[in-house]
Amino acid sequence: MARFLHFAFCFILVALTTNPSLLRADDDELNDSDSDSNLFHQDYSPPAPPLPPPRPPSVSCTDDLGGVGSLDTTCQIVSDANLIGDVYIQGRGNFYILPGVRFHCATPGCSIIVNITGNFSLGNSSSIFAGDFELVAFNASFHNGSVVNTTALAGKPPPQTSGTPQGIDGAGGGHGGRGACCLVDRTKLPEDVWGGDAYSWSSLQKPCSFGSRGGSTSREVDYGGLGGGMVKLEIRNYLEVNGSALADGGDGGSKGGGGSGGSIYIKAQRMTGSGRISACGGNGYAGGGGGRVSIDVFSRHDDPAVIVHGGSSNACPENAGGAGTLYDAVPRSLIISNHNKSTDTETLLLEFPYQPLWTNIYVRNKARATVPLLWSRVQVQGQISLLCDGVLSFGLQHYASSEFELLAEELLMSDSVIKVYGALRMSVKMFLMWNSKMLIDGGGEEAVETSLLEASNLIVLRESSVIHSNANLGVRGQGLLNLSGAGDWIQAQRLVLSLFYSIHVGPGSVLRGPLENATSDSVTPKLYCENEDCPVELLHPPEDCNVNSSLSFTLQICRVEDINILGHIKGSVVHFHRARTIAVHSTGMITASGMGCTGGIGSGNVLSNGIGSGGGHGGKGGAACNNGSCVEGGISYGNAKLPCELGSGSGSGYDITAGSTAGGGIIVMGSVEHPLSSLTVEGLVTSDGESFERNTVIGKLPIADGLSGYPGGGSGGTILLFLRTLTLGESANLSTVGGYGSSNGAGAGGGGRIHFHWSDIPTGDVYQPIASVEGNIHARGGRGRDQGGGGEDGTVTGKACPKGLYGTFCEECPAGTYKNVIGSDGALCQNCPAEELPQRAVYISVRGGVAETPCPYKCISDRYHMPNCYTALEELIYTFGGPWLFGLLLIGLLILLALVLSVARMKFVGVDESPGPAPTQHGSQIDHSFPFLESLNEVLETNRAEESHSHVHRMYFMGPNTFSEPWHLPHTPPEQIKEIVYEGPFNTFVAEINAIATYQWWEGAMYSILAVLAYPLAISWQQWRRRLKLQRLREFVRSEYDHACLRSCRSRALYEGIKVNATSDLMLAYVDFFLGGDEKRTDLPPRLHQRFPMSLPFGGDGSYMAPFCLHSDNIVTSLMSQSIPPTTWYRMVAGLNAQLRLVCRGRLRVTLLPVLRWLQSHANPALRNYGVHVDLAWFQATACGYRHYGLVVYAREEDNDPVSVGSIDGAIGNEESRASSIYKEDSSVHLIEEPLISHSHRSNVNRVRRKRACGGIVDADNLQTLEDKRDIFYPLSFMLHNTKPVGHQDLVGLVISMLLLGDFSLVLLTLLQVYSFSLVDVFLVLFILPFGFLLPFPAGINALFSHGPRRSAGLARIHALWNVTSLINVVVAFICGYVHFNSQASSKKHPLQPWNISMDDSEWWIFPATLVVCKIFQSQLINWHVANLEIQDRSLYSNDFELFWQS
């Protein structure tokens, strides 16, 4: 541009230097028309007329016009003025035409010029008639109803113009638009027939031409309407237009054409009003063309109606006159509107100005605009808008050999058409089409065959918009190309879409190249059907993306980032070059089916009767057979590894009426250098061969049924994909299927070729699957009909895969195989060596496949650990040499640790074992060899003997002291204490005692919860609450209770008359009543024989934790010493307790029998010498059915026969026989001693006393009738039961230590084994009984390292409970192992081989079973250990009477 300006400046300087006369040109010659002409070049309209002559002198306001006033002040026209010639009015004042006044000069061409410096006003309903009205004023007002009318008053149009039509066709006159012509010429298009031509294009910005007269239908009479005149308003400030300014053409009636519209030019600073401005063509036989209007107003506050449409045609209503032009000078916009009058007559658009450029062009309301000049350019700064059936055409149809340029910011089309005859080079930023068409006719000229449409930002087609070219078409942009929906088409013989960021092909829209029904004028691309060499541009396309006729592409999409296809893309050779992603949705299709060659290298052959074979390509075509004669199908050709050939058809040896079939075309996506990043297909990508059908249409001629030609099917084409990743959805279909042949034996087409040429296949750790294929891929041959043969299948290939990958899609070799060579054949994936795979492992696929051995594998579950797929337990076992060696090492380690543990125990605790039973001298003091069960005090002498001297009575609590059945006393005082207590206060005392002895509900609830979760903890909880309860009772009696029930004042004062105590097992409690010392009663306290028969209940309940035990404290011992020596009584109690230890609740009928035998054989014979006899008895049951067992002690009668010491299985003796059936009758008598009876009556009422003293005597005869309830824990009594001592305490402790360590080791090993099943199983094993699996070990260690036999025995019993309780966890572990083993359907179940332990899944039972055996043995050893601790004198179990009593 700078060079051009420099060149122009130099040219002007040279011209002025050589011709100085140019500098002396008059200023008057530089008028507006000259300046306008400099902006336009080569206007084919005649030059502007010469300058008008000088203005005549101004007329006078009063003399010439009949007005009032002066033109230099104010001139008012108050009455009508009929002028007969041109009038020039000039002054420095105002000029007013009052309302209703007519100011007329009705002569055509008459001129009225008003040039004033003041204001102008045309009053209401006033009018000015003239051929030319010009106004120059400061302000101007055209009031309501006023009119400036130059209609049909035009003077002569400019010379050398053709605005007035020739002939007698009655055509309309032309000016801004051509006049219509109703002449029908079959040899021409409707738009090629018009009346008067347009003129004065160069002055449309300041129109100054008269309209033209219309033509006539008669040579004698001119019926044509006159053209419109001129209106020119130049207002320096304000213009009000509420009236009308008319320059319409005159009507021609029914015999003449309408005149064309005139010219209206308005210039003002500001304009208001809603008047009418019109330069329309006149109506007539044929309508006149519209005129020209130009408005140059800086500020417009209202929109007056501006109309420049053509006139109506009476003879051809559908063809009105061409629209005129409206030029809006401020926005520099040209508006061509025909006011929705249908027309075939066009408005000419000639050369457009360049300095400055126009901003907008609007063609609308059925206006037709044309750019007729060859090699024209339409360039605006803003928008070109075609609306409401507007038509814009370029060139002439019969001379379609030019190229046109269209340059704008925006091209908007709505219900409109653009026609191009030649080629169009369009450059816009935005191109929007709504139900519009752009039709490009190349005319068959190769020189101008390519059109280029460029929109840098956006191209959108909506509502069935079409871009059609019968030549080459390039569509280029940098933004979005959007074909929105059904009916939106872009089609050309060769179509290239390039440089867009994204292309969206909506549902029902089509991109196509070449055309489906191309005419003879179309530039048809030449296919390379007979060329055996692949065109190089298919594999290595050029980078410029230009439309090149020498290339083989018919449809190319080049340099587009993203392509979304929901519609159809059709072409013979479809190529996608330098695209990033392509997505073919379920409604989308890319197809070249039936668009390949009708002949080709593999074309079919024809029998003599016209039946043809199928075309070949990837596979041979099917043979054609008829009546025994056959002909081979087309050959197979091309390169399967890199195909780029078109499919072949049936051949061209058929009659035109018989038709032929074509092969599939070729679809190429990407290139060797620029592959696709990703291709996603949910719809169709097809290049199938064409099938022959009976209703096939050749052109528009259907094939008749009687024809003898039957072509074969076309072969499939080629789909060549250069890409990185592929996704085929379930509904996707890639196919190059051969077409079906016609009936009567024609052969089918062979299949085509599909090739996936992968680029940059990732390998190793960076591998990602390059293809996800769920849809269908077909390259099969077509199906034969009748006798015709089917086509062979084509090929589906892929690029050779690197090591580890195989197949068309370069997938990882299957698990268990490896591939160490390059290739795609699945046979290259070899099986991995089986000996390298552990038993519990499976081969796995790794990213990028396996290229070398050893093949990777993984264990079948996370519970197994690499590399040998051992469980944590097996890893431990095989780390130490296998099951047998591990077992030996474990046993040795357990023995060593047990020895260390035993040594530590002996040093920490000391040796508790007694050397055995050692006989002692009769009557000697009992040494420490006596067990602690002989007496709870463990002494023979007491410093509290005075308590027995004041002891009156012992009252036992009823109930076992459980949460459901606590201790309680009867409210009625026994006979023995009625003399020393007040009955009322006693009842109050009993009520308070019973209230204290009752447990709270939450204590029982806690016990129930613990009994379910951890039974040993429940026992400990129960004992703790029992101790607290006994302590509370003692505190109440000792300090809180005021002893108000006692009669003794001294006892009440000293709080010493009542004492509460219980056995060590806290199950039997009693209340002792003592004298206060101030009773002064000689018969109190009673002596021993006065207390007979005396009940001595057992403590405990016969369970493992609380065995039966006779409690003999100081008071009982002191009382018994009145008849029996203390040593004898202690020995008898110790022996009895030793026997009672073996009694088990639930088996009383069996375990009480040895006790009866012992009483018969050891106790009563020794007590006979002291006149005392003891019997085993049960006492009255509580409300809940609980029975106390104990001894009944009573005096022997001297006259009775000696008691037999024989077998207790028979009758024990007369005394015992008589007492065996005695049962308690008085229900009010509880565990109390009978009332005192005088010694003289003792022998007479002895049996009665025995009857009342107890619920029943237990002997061998009624032993089997005892009620013995068994609970759910009864089976455990076979593991947990009290036994006789075995001695060897150190050895037993050593074995227990070994079993304890072994138990804990097996627990840990079992947990490791269960962990190999699952964490859920570990949770179940540990928490079915919370931590019951782990607590036996610390409980055992605590028991072994405790001080004192009594504490050690108690802790050992707790340990025994934990040991048995943990069996539930073992059972859970067993169940988990069983379920796991049976749930492994694929695991190999081996038969049991005891001497070949391999520690696989079939040996899951070993550790749980071993743990059960270990716990059983451990339980028995604990029983012995407890017996050794509690019975250190084993002579207590001696069967020898003498040895027992001598020890």
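Predicted, not measured: the structure shown is a model, and the values here were computed from it.

(A) Quick peek at the overall build of the protein. Along its length, the protein carries 22 helices and 70 strands. Taking all 1447 residues of the protein together, the buried fraction comes to 55%. Partitioning the intrachain contacts of the protein with sequence separation of at least 6 by distance along the chain shows that 66% fall at a separation of at least 24. In the structure as shown, the protein presents an accessible area of about 60,800 Å², 55% of it carried by carbon and sulfur atoms.

(B) The arrangement of the side chain of serine 216 in detail. Along the chain, serine 216 falls in the loop between β11 (147–149) and β12 (230–241). Overall, the relative accessible area of 5% leaves serine 216 in the buried class. Side-chain polar atoms of serine 216 contact the backbone nitrogen of serine 218, separated by 3.1 Å. With residues up to four places along the chain from it excluded, the contact list for serine 216 reads Gly167, Ile168, Asp169, Gly170, Val221, Asp222, Tyr223, Gly224, Lys255 and Gly256.

(C) Region of interest: the state of the cysteines. Scanning the model with the defined rule gives 11 disulfides in all. Free of any disulfide, cysteine 181 has its nearest cysteine sulfur in cysteine 182, 6.7 Å distant.

(D) A look at unusual backbone geometry. Backbone torsion omega between glutamine 355 and proline 356 reads -10 degrees, so that peptide bond is classified as cis. Topologically, proline 356 is positioned in the loop between β20 (347–348) and β21 (360–364). Of the consecutive residues glycine 513 and proline 514, the connecting peptide bond is found in the cis state with omega at 10 degrees. The topology assignment puts proline 514 in the loop between β37 (510–513) and α3 (536–539). At arginine 559, a position not held by glycine, the phi torsion is positive, near 55 degrees. For arginine 559, the position within the fold is in the loop between β38 (555–558) and β39 (562–565). Overall, the relative accessible area of 30% leaves arginine 559 in the partly exposed class.

(E) Region of interest: the packing of aromatic side chains. Applying the stated criterion to the full structure yields 29 aromatic pairs. Site record: aromatic cluster; members linked through ring pairs are Phe95, Phe103, Phe120, Phe133 and Phe142.

(F) Structural detail: the nonpolar core. Counting 92 residues, the largest nonpolar core has Leu411, Phe431 and Met438 as the members making the most contacts within it. Here this core takes seven residues from strand β28 (residues 417–434), the largest share from any one element. By size, the runner-up hydrophobic cluster in this structure holds 49 residues, among which are Phe1098, Leu1119, Val1193 and Val1258.

(G) Focus on the sheet that holds strand β66 (residues 1094–1099). Strand order in the open sheet made by the five strands is β67-β66-β69-β68-β70, with antiparallel pairing throughout. The sheet is open, and its two borders are formed by β67 (1109–1110) and β70 (1256–1257), each paired with just one other strand. Pairing between β66 and β67: two bridges, direction antiparallel. If you follow glycine 1099 over to β67, its bridge partner there is cysteine 1109. Along the sheet, helix α14 (residues 1148–1167) makes contact with β68 (1172–1178) and β69 (1189–1195), crossing β68 at roughly 170 degrees.

(H) The arrangement of the sheet that holds strand β64 (residues 1058–1062) in detail. Pairing in this open sheet of three strands is antiparallel, and the strands run β63-β65-β64 from one edge to the other. Two strands close off the open sheet at either side, each with one partner strand: β63 (951–956) and β64. Each strand of the sheet is rotated relative to its neighbour by a mean of 25 degrees, with strand direction disregarded. Bridge count for β64 against strand β65 (residues 1069–1074) is five bridges, and the pairing is antiparallel. From the neighbouring strand, isoleucine 1058 faces β65, where its bridge partner is phenylalanine 1073.

(I) Layout of helix α8 (residues 1001–1013). With 13 residues, α8 extends 19 Å from end C-alpha to end C-alpha; this agrees with the ideal 18 Å at 1.5 Å per step. For α8, every residue scored as buried is listed here: Glu1003, Gly1004, Tyr1007 and Leu1010. One side of α8 holds all its buried residues, which, seen down the axis, span an arc of 125 degrees. Exposed and facing more than 90 degrees away from the buried side of α8 are Trp1001 and Val1012. Here the buried face of α8 lies against α9 (1015–1040).

(J) Structural view of the pattern of salt bridges. Tallied over the entire structure, the rule returns 25 salt bridges. Where aspartate 197 meets arginine 178, a salt bridge forms, and the shortest distance between an N and an O atom there is 3.0 Å. Of this pair, aspartate 197 sits in the loop between β11 and β12 while arginine 178 is found in the loop between β11 and β12, placing the two residues 19 residues apart along the sequence. For the pair shown, aspartate 197 and arginine 178 are each scored as buried. A salt bridge links aspartate 760 to arginine 724; the nearest nitrogen and oxygen atoms lie 3.2 Å apart. Remark: arginine 724 occurs in strand β51 (residues 718–728) and aspartate 760 occurs in the loop between β53 (753–758) and β54 (771–773); sequence separation between them is 36 residues. Overlapping salt bridges, with partners in common, bring together Arg178, Asp197 and Glu346 in one network.

Cut-offs applied
- Residues numbered from 1 in each chain as written.
- Predicted model: local features only at pLDDT ≥ 70, side-chain atom pairs only at ≥ 80, totals over all residues.
- Heavy atoms only, no water.
- Helix = DSSP H or I, 4+ residues; strand = E, 2+ residues; numbered from the N terminus.
- Buried < 20%, exposed > 50% of the residue type's maximum accessible area, 1.4 Å probe, protein only.
- Contact = heavy atoms within 4.5 Å.
- Areas by Shrake-Rupley, 256 points an atom, 1.4 Å probe, with all protein chains shown as cover.
- Polar contact = N/O pair within 3.5 Å; in protein donor to acceptor, adjacent residues only side chain to side chain.
- Disulfide = S-S within 2.5 Å.
- Phe/Tyr/Trp six-rings, centres within 6.5 Å; stacked < 30°, edge-to-face > 60°.
- Core = buried A, V, L, I, M, F, W, Y, C linked by side-chain atoms within 4.5 Å.
- Pairing = 2+ DSSP bridges.
- Axes fitted to C-alpha atoms, helices over the stretch in contact; angles between N-to-C directions.
- Expected span 1.5 Å × (residues − 1).
- Arc of directions from axis to C-beta.
- Salt bridge = Lys/Arg side-chain N within 4 Å of Asp/Glu carboxyl O.

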